[in-house]
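# A closer look at the structure
Chain by chain, the residues:
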Amino acid sequence: MSQILNSFKWWQPLKKILYCKVTGNRVPLRAEIHVTKLCNLRCIHCYYDFESMDNVKDPGTSEMIELIDELYANGTRWVRFLGGEPLLRSDIGELISYATGKGMICDLNTNGYLVKKRIKELKKLSSLCLSIDGDEESNDLVRGKGSYQKIIEALDACLENDILVRLHGVITQYTLNSLDHLVNLARDYGVTFNVSEAARPDMSDINLTLNEEERINFYKKFIAYKKKGWPILNSYPAMEYVLNWPFGERRVVYEDDLKERKVPFVRCQQTLKSFLIDTDGCVYSCTGRWKMGINCFEHGFKKAWEYIGEHTSCVTCMHLGYIELSMLLNLDSRIILNAFRKMYMD
């Protein structure tokens, strides 16, 4: 019952999405906010350059409250708190309460280490995402020794406290053979599971990406699991789009590429309806374009939002997470129904 009631919180974001659809306006509907640069892990696929942030100070509580107010005034109705590890902030409960108190959807991504300690503060979240990339051996290879068990402990704590939780994995060659384990884990715990590809400015580690054969085999198997009713949050249309990716080996597609290959494609909604804000205030379009923006604390959010709209030339990429989100933000009814059924009804 609590999950069904939770679904009604989506009215404000959906109303804004509909407004964008009808008017064609750019509206910063969804914000992913790095609330801290601090993290207790160093995951192989992470796009965050921690060394470059050594001299950056996390914004204080009042600065974060002012930022949430400014975002809300500009149309943001959906926030996701990221890090680093967001639960390392002592005031994370206050930030969650403030965002949800304004009627915003508020999600949070965590590696699980501090979930049990902060469990009371997490109860006001719209949902919580636990990052897990494989079975114990492959997950700990990517995220750090002991991280798998911490995720399981966090999962138990969330379910005991009636917190809507999902599992999320990043597909790389390090974790490619863990799909069976992850879908079984999700089924056994009665939660949903979804995946995305790695997306960072530096993709020089060849193990972060799948080759064409690996991608095709993985998505065929993933789709087969979905068809059999396993608790997979990713939708058929998004998975099939990546399976049949229309741009060959080109992972990131620009306007000029469309002249060479005229094919139907899913236009990315990052910079149109969604964006990220780093701990130092830098606003940028996606994880693959980390730091390619200007500072909203210095220039104001409106100017930073306008900047990424004017200086982002890519139009889509082979990243299941962004494809899924873009279809949802473009009001694809198949994506919306899949998300609501899997998150709130199954």
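Calculation rules
- For every chain, the first residue of its written sequence is number 1, and the numbers climb from 1 along that sequence.
- Under the rules for a predicted model, residues below a pLDDT of 70 receive no local features and side-chain atom pairs below 80 are neither given nor counted, while totals for whole chains, interfaces and linings still include all residues.
- With hydrogens and water stripped out, all remaining heavy atoms of the structure feed into the side-chain values.
- A run of H or I in DSSP counts as a helix once it spans at least four residues, and a run of E counts as a strand once it spans at least two, with each numbered from the N terminus.
- A radius of gyration in this sense is built from C-alpha atoms; the matching globule rule multiplies 2.2 Å by the number of residues raised to 0.38.
- Three exposure classes are used, based on accessible area relative to the maximum for each residue type with a 1.4 Å probe and protein chains only: buried under 20%, partly exposed in between, and exposed over 50%.
- Structural elements are reduced to axes, namely lines fitted to C-alpha atoms, with helices fitted over the stretch in contact, and the angle between N-to-C directions of any two is expressed from 0 to 180 degrees.
- The labels follow the angle: roughly parallel below 35 degrees, roughly antiparallel above 145, roughly perpendicular from 65 to 115, and oblique for the rest.
- It is the rotation of the near helix from the far one that decides the hand of a crossing: anticlockwise by less than a right angle makes it left-handed, clockwise makes it right-handed.
- Contact criterion: two residues are considered in contact whenever any of their non-hydrogen atoms come within 4.5 Å of each other.
- Residues are grouped as follows: Ala, Val, Leu, Ile, Met, Phe, Trp, Tyr, Cys and Pro are nonpolar; Asp, Glu, Lys and Arg are charged; all remaining types, including Gly, are polar.
- By definition, a salt bridge exists where a carboxyl oxygen of Asp or Glu is found within 4 Å of a side-chain nitrogen of Lys or Arg.
- Using a grid of 1 Å spacing that covers the protein atoms alone, one calls a set of points a cavity when a 1.4 Å probe fits there but cannot get out, and a pocket when the set is open and has protein on both sides within 12 Å along at least five of seven lines; lining residues are those with an atom within 4 Å of a point.
- Grid points are joined across faces, edges and corners, and a volume is the space filled by probe spheres set on the points.

In this section: the overall build of the chain. In terms of regular secondary structure, the chain is built from 15 helices and 10 strands. Relative to the globule expectation of 20 Å for 346 residues, the C-alpha radius of gyration of the chain, 19 Å, shows essentially globular dimensions. Its C-alpha atoms put the chain at 50 × 50 × 40 Å along the principal axes. Across the 346 residues that make up the chain, the buried fraction comes to 56%.

On to the environment of Thr209. Mapped onto the secondary structure, Thr209 falls in the loop between β6 (192–197) and α9 (212–227). Between the C-alpha atom of Thr209 and that of Gly293, which follows or precedes it by 84 residues, the distance is 25 Å.

Time to look at the packing of helix α3 (residues 61–73) against helix α4 (residues 92–101). Describing two packed helices takes the angle between their axes plus the distance from one axis to the other. It is the contact of α3 with α4, at a shortest axis distance of 11 Å, that shows an interaxial angle of 20°. What the angle tells us is that α3 and α4 run roughly parallel. Regarding α3 and α4, the two cross each other, and that crossing is right-handed. Between α3 and α4, the contacting residues are Thr61, Met64, Ile65, Ile68 and Asp69 on the first element and Glu94, Leu95 and Tyr98 on the second. Of the residues assigned to the contact of α3 with α4, the class counts are 5 nonpolar, 1 polar and 2 charged.

On to the pattern of salt bridges, then. Under the counting rule described, the total for this entry stands at 17 salt bridges. Between Glu32 and Arg30 there is a salt bridge, and its shortest N-O distance comes to 3.4 Å. Each member of the pair Glu32 and Arg30 is classed as buried. Between Glu153 and Lys150 there is a salt bridge, with its nearest N and O atoms 4.0 Å apart. Separated by 3 residues within a single helix, Glu153 and Lys150 lie in helix α7 (residues 147–160), roughly one turn from each other. Looking at Glu153, the relative accessible area reads 34%, which means it is partly exposed.

Turning to its location among the elements, Met104 is positioned in the loop between α4 and β3 (105–110). Relative accessible area serves as the criterion here: at 3%, Met104 is assigned to the buried category. For the pair formed by Met104 and His181, sequence separation is 77 residues and the distance between their alpha carbons is 34 Å. Ignoring sequence-local partners within four residues, the contact set of Met104 consists of Ile68, Tyr72, Thr76, Arg77, Val79, Ala99 and Ser126.

Per the stated rule, a full pass over the model turns up 2 cavities of 30 Å³ or more. Estimates place the volume of the second largest cavity at around 70 Å³. Around the second largest cavity sit Ile171, Glu197, Leu208, Thr209, Leu210, Arg215, Tyr219, Val242, Arg251 and Met318, which together line it. Here the residues of the lining of the second largest cavity are counted per class, giving 6 nonpolar, 1 polar and 3 charged.

Take the packing of helix α6 (residues 136–143) against α7 next. For the pair α6 and α7, interaxial distance at closest approach is 8 Å and the crossing angle is 105°. Between α6 and α7, the crossing angle belongs to the class labelled roughly perpendicular. Where α6 approaches α7, its residues Glu136, Asn139, Asp140 and Arg143 are matched on the opposing element by Ser147, Tyr148, Gln149 and Ile151. By residue class, the composition of the contact of α6 with α7 is 2 nonpolar, 3 polar and 3 charged.

Looking now at the layout of surface pockets. Of the voids in this model, the largest pocket is the one considered here, and its volume is about 530 Å³. Val252, Cys286, Arg289, Cys314 and Cys317 are, among the 31 residues lining the largest pocket, the residues nearest its centre. The set of elements that each furnish at least two residues to the lining of the largest pocket consists of β7 (252–254), α13 (301–310) and β10 (314–317). Counting residues per element, the lining of the largest pocket draws most heavily on β10, which supplies 4 residues.

Further remarks concern unusual backbone geometry. That bond from Gly83 to Gly84 is cis: its omega, 15°, falls within 30 degrees of zero. Position of Gly84 relative to the elements: it lies in the loop between β2 (78–82) and α4. One non-glycine residue, Asp162, lies in positive phi territory at about 60°. With respect to the helices and strands, Asp162 occurs in the loop between α7 and β5 (165–171).

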